[in-house]
Every structure is written in structure tokens, then in C-alpha cells.
Amino acid sequence: RHNVTTEEYLQALAYLTEVGRRDEMILLGDVMHLSIAIDDQTHKDQVGTATNVEGPFYLPDNPVLDPPYRLCSFDEPGLPLVISGRVTDKSSGRPVEDAVLDLWQASADGFYEQQKPERGPHYLRGKVPVDSDGRFEFRTIVPASYEIPKAGPVGRLLTYLGRHAFRANHIHVKLDADGFKPLTTQIFFSDNEWLGSDTVGAVKDDLVVELIEETDEVRAKELEVRSPFFTTSFDISLQRH
Ligand code: BEZ
Ligand code: FE
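Just so you know, these numbers come straight off a predicted model, no measurement behind them.

**Examining the overall build of the protein chain**
Of regular secondary structure, the protein chain possesses five helices and 12 strands. Taking 18 Å as the expected radius of gyration for a compact globule of 241 residues, we find that the protein chain reaches 20 Å, a close match to that expectation. Expressed as lengths along the three principal axes of its C-alpha atoms, the size of the protein chain is roughly 70 × 40 × 30 Å. Here the protein chain, with 241 residues, has 45% of them falling under the buried criterion. Here the contacts in the protein chain between residues at least 6 apart in sequence split such that 71% fall between residues at least 24 apart. As presented, the protein chain carries roughly 12,900 Å² of accessible surface, and 52% of it is formed by carbon and sulfur atoms.

Structure representation (C-alpha cells):
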């Protein structure tokens, strides 16, 4: 259909070979919005909270946190954020009381733990259990929008295409609960400039929450966060097996 010549074909193969050698095949699928398309296709019959791609920064050994649940220390640079919500069964609306949120995110300067090992283990990640009513609440900071690795062949492709490398800021979450399909998704924030052009095309309207600024010092003390801080809520519903 595109009347590809031998010279163009060999150039395309050389490009893909370089992508493979640089271990950027998944990243190529991500920026071509293939990863999110395949994720959608995989879960097309799944009801409840929308799924999203896992990305490369998940670590399987997230510790189960103790209350008051926090993904970072009180002093972590950035805008303090308290996220609360409830996990329910999509079909009955009843709470899923044994759900555990497995969370990971970038810092306020745009790095995951793997990119800044000097910041210590379990940096901006951890597991938060829900209570008997399916409710959860955790403290963190607003993650930065960050650029995906752009020094290699995938970055070169983005430049050729006139595209930027930013992901809209987000928090990753995985959820597992007995009797329910596992969920991997991302929480996005409504004021972000990259929502409409996320480099991996992974923003979904239902996953975007609004940040509310709070200046009440008493409330900040109760919640054990610095003031001013932000709050938002994100309810999750799961599909039974
Ligand atoms: C992420 O969200 O962590 C991510 C997803 C795709 C490519 C790079 C990063
Ligand atoms: Fe991410």
C-alpha cells in the first residue's frame, strides 16, 4: 500500500535492529500507542475500573505499609497529596474488604526508585490495604510529569515525528483481591498539560481525578501532612472472576 522500496525496507529493518539491540522494543510499542491498544484489546470484556499499561518501573517487592499509610516521608519534596477511595465489587456494589493497593510513582522531580537508587529502598512505592468497608487512604506527593528515555532510537523517532516524550503525571496501581480479576491501572490529574498528548497515549477520562488544594492547618496535622496540601478521591470497582 505504501510502495515501499528495497532501500526503505532495509532502513526500516536496520532501525528495528537498533531498537532491539538497545532493548527499546517495548518502548517503541509504548510510543506507537500499541501497548495501550493491546491492553484495551486484552481487557475489552472486563467491567469496572479501566485498565492501563504497567510500564517498566513496577517492582514486585513492594512492602505492605503500616498506618498512617505513606509512600514517602513527611519531608519528601513536592506538593503533599492525600488520596482516598473505596474498592467495590462492580456487580453488587459491596466493599471488597481484602483488597490491597500496590502503588508506585515518580517523584516531584520525575524519577522512579530505579533511576535514583541513592534515595533508598521502597522509594515512593508500597502496598496499602483497604479497611472492612473497602476504604483506603494514603499520603504521598504529587508526581511530576516525566520524559520517557529519549537518548536512543525511540527518542530519535519521536523527534522525526515532531512529538514530545512526556507522560502526563500519574500514579500506578495494581490491585489483587480473592475472587476478582486483577487490575493494573494509573491515576491521572486533571490540571496536567500533557493529558491530551501523553507520549504513550494512555490517558483515559475515567482515570483522571481533580486535585483539591487544602489550607486548613488543623486538618493537615490530623492527616500528618505538610500544609498546604492536596486531596483527591479515586474509587475502584473490580470484576468477579
Ligand atoms: C510508565 O508509566 O512508567 C511508563 C510507561 C511506558 C513507558 C515508559 C514509562
Ligand atoms: Fe509511570
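**Topic: the site of ligand 1**
As a structural note, the neighbourhood of ligand 1 is formed by D30, G55, P56, F57, Y112, Y146, I148, R167, H170, H172 and V200. H170 places a side-chain nitrogen or oxygen 3.1 Å from an oxygen atom of ligand 1. Here H172 contributes a side-chain N or O atom positioned 3.0 Å from an oxygen atom of ligand 1. When isolated, ligand 1 has an accessible area of 270 Å², and the protein chains bury 99% of it. Counting atoms within 2 Å of the grid points, the majority share of ligand 1 lands in the largest pocket. Its residues assigned to classes, the shell around ligand 1 comprises six nonpolar, three polar and two charged.

**Digging into the packing of aromatic side chains**
Considering all chains together, one arrives at five aromatic pairs under this definition. Within the aromatic cluster, the residues linked to one another by ring pairs are F57, Y112 and Y146. In this arrangement the basic side chain of K174 is found over the ring face of Y58, its NZ or CZ atom lying 4.7 Å from the centre.

**What to know about the packing of helix α1 (residues 6-21) against helix α4 (residues 153-160)**
Any two packed helices are characterised by how steeply their axes cross, that is the angle between the axes, and by the distance between the axes. For the pair α1 and α4, the least separation of the axes is 9 Å and the interaxial angle reads 135°. Relative to α4, the element α1 is oriented oblique. Contacts from Y15, E18 and V19 of α1 reach α4 at P153, V154, R156 and L157. Class assignment of the residues belonging to the contact of α1 with α4 gives a composition of five nonpolar, no polar and two charged.

**Re the coordination of the iron ion (ligand 2)**
Coordination of the iron ion (ligand 2) by the protein comes from Y112 (OH), Y146 (OH), H170 (NE2) and H172 (NE2), over a distance range of 1.9 to 2.2 Å. Taken together, the six donor atoms coordinating the iron ion (ligand 2) and their angles of 54 to 165° define a geometry best described as irregular. Donor residues for the iron ion (ligand 2), ordered by position in the chain, follow Y-x33-Y-x23-H-x1-H. Taken together, the residues Y112 in the loop between β2 (100-105) and β3 (125-129) and H172 in strand β7 (residues 170-176) connect sequence positions 60 residues apart. For Y112, a relative accessible area of 2% translates into the label buried. Taking the relative accessible area as the measure of exposure, H172 reaches 2% and is therefore buried.

What counts and what doesn't
- Residues numbered from 1 in each chain as written.
- Chains lettered and ligands numbered in written order.
- Predicted model: local features only at pLDDT ≥ 70, side-chain atom pairs only at ≥ 80, totals over all residues.
- Heavy atoms only, no water.
- Helix = DSSP H or I, 4+ residues; strand = E, 2+ residues; numbered from the N terminus.
- Rg over C-alpha atoms; globule rule 2.2 N^0.38 Å.
- Buried < 20%, exposed > 50% of the residue type's maximum accessible area, 1.4 Å probe, protein only.
- Contact = heavy atoms within 4.5 Å.
- Areas by Shrake-Rupley, 256 points an atom, 1.4 Å probe, with all protein chains shown as cover.
- Near = heavy atom within 4 Å.
- Polar contact = N/O pair within 3.5 Å; in protein donor to acceptor, adjacent residues only side chain to side chain.
- 1 Å grid on protein atoms, 1.4 Å probe; cavity = no way out; pocket = protein on both sides within 12 Å on 5 of 7 lines; lining within 4 Å.
- Sits in = over half its atoms within 2 Å of the grid points.
- Nonpolar A, V, L, I, M, F, W, Y, C, P; charged D, E, K, R; others polar.
- Phe/Tyr/Trp six-rings, centres within 6.5 Å; stacked < 30°, edge-to-face > 60°.
- Lys NZ or Arg CZ within 6 Å of the ring centre and 35° of its normal.
- Axes fitted to C-alpha atoms, helices over the stretch in contact; angles between N-to-C directions.
- Parallel < 35°, antiparallel > 145°, perpendicular 65-115°, else oblique.
- Donors = N, O, S within 2.8 Å, 3.2 Å for Na, K, Ca; no water.
- Tetrahedral: all angles 85-135°; square planar, octahedral: opposite > 155°, others 65-115°.

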